[in-house]
Structures are given as C-alpha cells and as structure tokens.
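Residue-level structural notes
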Amino acid sequence: MRIATSLAVVICAMLMAAQPLPAQRGPANVDVAKIVEREVASGQTFVGTVMPIKRSVIGSAVGGRVAEFPVNEGDFVRARQPLAQLLTNTINLEVDSEKATLDLRKEELNELVNGTRPDEIKRAKALMMAAKADSEYQQKRLKRLESLYARKAVNDDDIQAVVSESIRAEEMFSEAEAAYKLAVEGPRKEQIAQAKARVAVQQALVDKLESQVVKHTIISPFDGYVVAEHTEVGQWVNSGELVAEVIALDHVDVSVQVLENHVPHVQLKSEVRVEIPAIPNQVFTGEVVMIVPQADIRARTFPVKVRLKNEIRKDGPLLKSGMLARAVLPTGPRLKALMVSKDALVLGGPTPMIYVVEPGKKNPKLGKARAVPVQVGVADGRLIQVKGDLESGGYVVIRGNERLRPGQDVMISNVLEPDALPTAKAINTDG
C-alpha cells in the first residue's frame, strides 16, 4: 500500500513538474479548512448508467402527410414547440365553412334575444288601432241599416252585406290586436332555447374540427432534446405512428443495480457521490430518489436511482444519457472516517489528491503545500470521505489549490469551516 501511495506521489510530482511554473512572487495565498473525523456509513461502488428523468416517444394523433419537420436529432426543444406539421388545407376549409354557419346561428339567437324592435311594435299598434276604428265604424253602420231595415227602407241583400262587412272588420281587429300583443311580448322562451341549442351544436362541430387542426401539429410535451426521428417531410403518418423521441436532461438519474444483501442499508434521500469516467475532473453528488421494490430474479439485484442536477452548457448538457457512472452508496455499518471539503479535491490526474499545508515553525500562517494522493469515499453534505496519508486536525487547501505545485510555499489567508460554502466567511484565528 505504501509503495502504491509513494508511486502516486511521484507520478503527481512528475506531472506537475512537466508544466511550466509561474513566476515566483512569494508564497501563494490560500484558504484552508481542517480535516475532521466523523462517523459515516461505509460505502460500496456500484456501476450504473446515466438516464433521463423523462422520456417521451411522441406519435401522431391523426393520419396525414408531413408538411414540415423542423427539428433534427440533438436539437433542444421547448415545451409545446412544434416537432412536425401535417397538411391541413382541406380541414381548414371545413373549419371556415362551419364557422360561417356558427355566425349565422349566433345572429339568429341575438335576433330572438333582443326581441321585437320598437318600430315594429309601433307599426303593430297602428294597424290594431286602424282595424279597431274600421270595426267600430262598421258596427255603427250596421245599427243604422238595422233601423232602416225595420222600416223596410233597405232590402235583405243590403243588410246582409253590411253584416258581413261588420264581421270582417271585427275579425281584422282581433287579428291586429293579437299581433300587437305578440310584438310586445317578444319571442317565446322555447324559441330562444331552440336557437341556443342550435348555436351549441354548431359550436361543438367547430371545436371538433379545430381540435383536429391542433392534432395536425405534433408538439413536444416538455423541454428536452430530440434523440430520435421517425419521419420525414412528405411521408404519410397514420394515427398513432411514431414521429420523434424527446428526453429531458435538466436532471438525470443514475440507475444502478444493488445486491439484495446491500439494498436494506440504502435509504431514500441519502446523499451519494457519483463518478463519471468520461468527466474525471469533476465530482458529482446526488440523492437517492427511488428504490424499486422488485428484484431481477436472475441476478437478485434491485434497481436504485440516484438523481443529479445536470449542467447545461452552450454546447448541450454535460451529463448525457447512456454515460457510464459509478455511484458510491452507503451500504455498510457506520465507521469513523476522515472527511474534507469537496473543494479540497484536485482532479484530472491519475488519482485524486489534496494539498495538505505543513505550517512553518516561526510563522504558523506560512507553510508548504504537500500533495497527498487519496481514495475518495462516501459524501456527507459538502464533506467527502478521503483515505490517504492524512491526520485529523490537519489543514487542507480548499481555495487556491488549482494553481499550487507540490512543495510550493503558501500563505494561509483564511481558515474556513470544513463544510464552508464558496462565499463563507473566514474564522478569526488571530487569537
């Protein structure tokens, strides 16, 4: 073990020496934090795969010919962004026709709801009064002829003609009076209800056709990346046929298979360190979000999902679906372990390392940076387990370590808490 550690130190030193050193202008200013000893669950590494948290294989709800297909594999799309457009010329004509009929039905309803116009009521009243006057005149004329008929001054034909005219005038008055009352009362409630029903039926027909138009536009259900194309412009797609596949990568899940004797130790919301071999210079920390309670009977392993927040860059997501991953899950009893800030890790070399500051004898704030290769274990908040040539209570560099070289002189500017955030205030050590 000591031989392997010494060899790692030599390799690190050789790599550092191969790089040009900056001009020496005195000791480098660094921020440090203590190495602490805490109880953590012993961890074990499981191999897994980076998976999207959402995946949608999108099909067409209707049949039609593809008129537009504006996306390509790898494109980022927003929620409700069109992925494909089917031809809609014929159905648009049907929509226009049914909308015109709907407008007609609405105007018919408005005519009934608004009732009889005032001018129509005045006209009906005038006709009624004219008919009344004519009826009264014929009644008076009939009475005069009846007195003459009693004196034999008129014959039967004359009196019969006047009686008929009087009856006709009275009926005309009754008809005009009824027409006036109808004009005042307006349309019947049943007529208005029928007109409303005709409008509702026509509106439903228009909505159905417009829904068909909407279905001719295939959209993305969420923000994500197009990872598969299943059609092209000019191709005919049937209802239910696949068009494209979209995945969401703002967060990702690392899916690992955990043996049955380890899975009882895995707890939901446990913090987990994840390594991505394709990105060796970065440490990822996630959270257990799912422990599937159904094992693969052949392997006796249970799927466990660890969720990570992804980093979206200009050229796309840092973590991509299908990447190999290694998750260090807490699966054993709690043991004492040395913990350092995650910011203390220097990655990118053959093995992770940290810089331990060995204080000078005359001035405790002056010292030398000693490179220590470490093995990384489980995570606990902003702290991470390390194994190597370390002692509890020692100081490690957590700010400024990216520019250090083994054996370089350093000046301790601030002493921070072991789990300090990047903006944390320094501890006053003057006393």
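1. A word on the overall build of the protein
For the protein, the count of helices and strands is 5 helices and 21 strands. Computed over the C-alpha atoms, the radius of gyration of the protein is 45 Å, more than 25% above the 22 Å expected from 2.2 N^0.38 for a compact globule of 431 residues. Seen through its C-alpha atoms, the protein measures out along the principal axes to roughly 160 × 60 × 50 Å. The proportion of buried residues among the 431 residues of the protein is 35%. Counting only contacts in the protein whose residues sit at least 6 apart along the sequence, the fraction spanning at least 24 positions is 77%. For the protein, the exposed surface amounts to about 25,600 Å²; the carbon and sulfur share of it is 53%.

2. Comments concerning a positive patch on the surface
On the surface, Lys 140, Arg 141, Lys 143 and Arg 144 cluster together into a positively charged patch. Relative to the helices and strands, Arg 141 is located in helix H3 (residues 118-150). What makes Arg 141 partly exposed here is its relative accessible area of 31%.

3. A look at the pattern of salt bridges
Overall, the coordinates contain 19 salt bridges when judged by the stated rule. For Glu 120, the salt bridge goes to Arg 117, with nearest N and O atoms at 3.3 Å. For Glu 120, a relative accessible area of 36% translates into the label partly exposed. By relative accessible area, which is 56% here, Arg 117 ends up exposed. Residue Arg 188 is joined to Glu 190 by a salt bridge in which the shortest nitrogen-to-oxygen separation is 3.3 Å. The class of Glu 190 is partly exposed, set by a relative accessible area of 42%. Through salt bridges with shared partners, one network takes in Asp 134, Glu 165 and Arg 168.

4. Quick notes on the sheet that holds strand S16 (residues 353-359)
Around the barrel, 5 strands lie side by side as S1-S20-S16-S17-S21; this closed barrel has mixed pairing. In this sheet, adjacent strand axes meet at a mean angle of 55° when their direction is disregarded. Relative to strand S17 (residues 366-373), S16 is paired through 7 bridges, and the arrangement is antiparallel. Its bridge partner lying in S17, Met 353 is registered against Pro 373.

5. Observations regarding the nonpolar core
Counting 28 residues, the largest nonpolar core has Val 274, Ile 276 and Leu 329 as the members making the most contacts within it. Counting residues per element, this core draws most heavily on strand S9 (residues 242-259), which supplies 6 residues. The residues contacting Val 274, other than those within four sequence positions of it, are Val 254, Val 283, Phe 284, Val 306, Leu 308, Ala 325, Arg 326 and Ala 327.

6. Overview of the confidence of the model for the protein
Here the protein averages 87 in pLDDT, while 92% of its residues score no lower than 70. Confidence drops under a pLDDT of 50 for residues 1-11, and excluding neighbours within four residues, the segment shows 7 contacts in the predicted structure. Counted against residues more than four places away or in other chains, residues 13-23, with its pLDDT under 50, gives 10 contacts.

7. As for the pairing of strand S1 (residues 28-34)
The element S1 is largely enclosed, with a buried count of 5 among its 7 residues. As judged from the 6 bridges shared by S1 and strand S21 (residues 409-416), these two strands associate in the parallel manner. The residue of S21 that forms the bridge with Val 32 is Val 415. Looking at chain direction, S1 and strand S20 (residues 395-399) are connected through 4 bridges and run antiparallel. Paired with Asp 31 across the strands is Arg 399, a residue of S20.

8. Some thoughts on helix H4 (residues 156-185)
Taking 1.5 Å as the rise per residue, H4 with 30 residues should run 44 Å; its terminal C-alpha atoms sit 44 Å apart, in good agreement. If you follow the buried residues of H4, they end up packed against H3. The N-cap residue of H4 is Asn 155: its side-chain oxygen and the backbone nitrogen of Asp 157 are 3.3 Å apart. Two residues or fewer past H4, Gly 186 is found with a positive phi of approximately 80°.

9. Re the pairing of S16
Extensive coverage of S16 is indicated by the burial of 5 of its 7 residues. A loop of 6 residues connects S16 with S17, the two strands running antiparallel in sequence.

10. Looking at the side chain of Ser 220
With respect to the helices, strands and loops of the structure, Ser 220 is situated in the loop between strand S6 (217-219) and strand S7 (224-229). Taking relative accessible area as the criterion, Ser 220 reaches 1% and is therefore assigned buried. Looking at Ser 220, its side chain comes within polar contact range of the main-chain oxygen of Phe 222, at 2.6 Å.

Conventions we followed
Residues numbered from 1 in each chain as written. Predicted model: local features only at pLDDT ≥ 70, side-chain atom pairs only at ≥ 80, totals over all residues. Heavy atoms only, no water. Helix = DSSP H or I, 4+ residues; strand = E, 2+ residues; numbered from the N terminus. Rg over C-alpha atoms; globule rule 2.2 N^0.38 Å. Buried < 20%, exposed > 50% of the residue type's maximum accessible area, 1.4 Å probe, protein only. Contact = heavy atoms within 4.5 Å. Areas by Shrake-Rupley, 256 points an atom, 1.4 Å probe, with all protein chains shown as cover. Patch = residues over 30% accessible without salt bridge, like charges linked within 9 Å, V, L, I, M, F, W, Y side chains within 5 Å. Salt bridge = Lys/Arg side-chain N within 4 Å of Asp/Glu carboxyl O. Lys, Arg positive; Asp, Glu negative; His and termini not counted. Charge placed at Lys NZ, Arg CZ, Asp CG, Glu CD. Pairing = 2+ DSSP bridges. Axes fitted to C-alpha atoms, helices over the stretch in contact; angles between N-to-C directions. Core = buried A, V, L, I, M, F, W, Y, C linked by side-chain atoms within 4.5 Å. pLDDT = per-residue confidence, 0-100. Expected span 1.5 Å × (residues − 1). Polar contact = N/O pair within 3.5 Å; in protein donor to acceptor, adjacent residues only side chain to side chain.

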